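# What the coordinates show
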Amino acid sequence: MNSVAIVGRITREVEIRYGQNQTAVCGFNVAVNRPYKNAQGQYDADFIPCVAIGTSAEFMGKYVRKGDLLSITGRIQTRTYQDQNGQNRAVTEVVVDKVNDLSPKPVDNPNTIPNQQSKPNKPQPNPQPNSFGLDDESDTLPWL
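Just so it is clear, the structure is predicted and the values come from calculations on it, not from any experiment. (Residues numbered from 1 in each chain as written. Predicted model: local features only at pLDDT ≥ 70, side-chain atom pairs only at ≥ 80, totals over all residues. Heavy atoms only, no water.)

What follows is about helix H1 (residues 55–63). Looking only at H1, the buried set comprises Ser56, Ala57, Met60 and Tyr63. Looking straight down H1, one finds that the buried residues subtend no more than 155 degrees of arc, so they occupy a single side. Looking at H1, the residues exposed on the side facing more than 90 degrees away from the buried face are Thr55 and Lys62. Those residues of H1 that are buried lie in contact with strand E1 (4–10), strand E3 (24–37), strand E4 (43–53), strand E5 (69–82) and strand E6 (88–101). (Buried < 20%, exposed > 50% of the residue type's maximum accessible area, 1.4 Å probe, protein only. Helix = DSSP H or I, 4+ residues; strand = E, 2+ residues; numbered from the N terminus. Arc of directions from axis to C-beta. Contact = heavy atoms within 4.5 Å.)

Along the chain, Pro49 turns up in strand E4. Taking relative accessible area as the criterion, Pro49 reaches 31% and is therefore assigned partly exposed. Beyond its immediate sequence surroundings of up to four residues, Pro49 is in contact with Phe28, Asn29, Thr92, Glu93 and Val94.

Looking now at the nonpolar core. In terms of nonpolar packing, the biggest core is built from 19 residues, with Phe28, Cys50, Met60, Leu70 and Ile72 touching the most fellow members. With five residues, the single largest contributor to this core is E3. In contact with Leu70, other than residues within four places in its own chain, are Ile6, Val7, Gly8, Ile10, Phe28, Met60, Val64, Val99, Asn100, Asp101 and Leu102. (Core = buried A, V, L, I, M, F, W, Y, C linked by side-chain atoms within 4.5 Å.)

Right under this line is the structure:
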């Protein structure tokens, strides 16, 4: 099974390119903190190269900004290519299947996702007694 799940912050603004058949593609890095501190007492980070294709790339271009916290699921892919000097290069990257922007967006931000603006909490009516016969104002148990 080839499956990856990471949570981290995007390191730069997303740039969408269009490949063959006008398919959206974007490459980016995600900074993922390690769960332990180094000898200096600081958390190190790994910078994971990722590539999003199609609707995932379009979503990122429209809603994701540098520094946003992302949740990404996908698979690891290794590929080779020749650089400008004719040297063979190998790249290991995460091919994104699903991306979620975990960063809160302000309500007045025009880049918020339609119909997902924050709504004020409505006050809840007084709760009914729970299954133990208690209400919120009682501090005694009925069976004692």
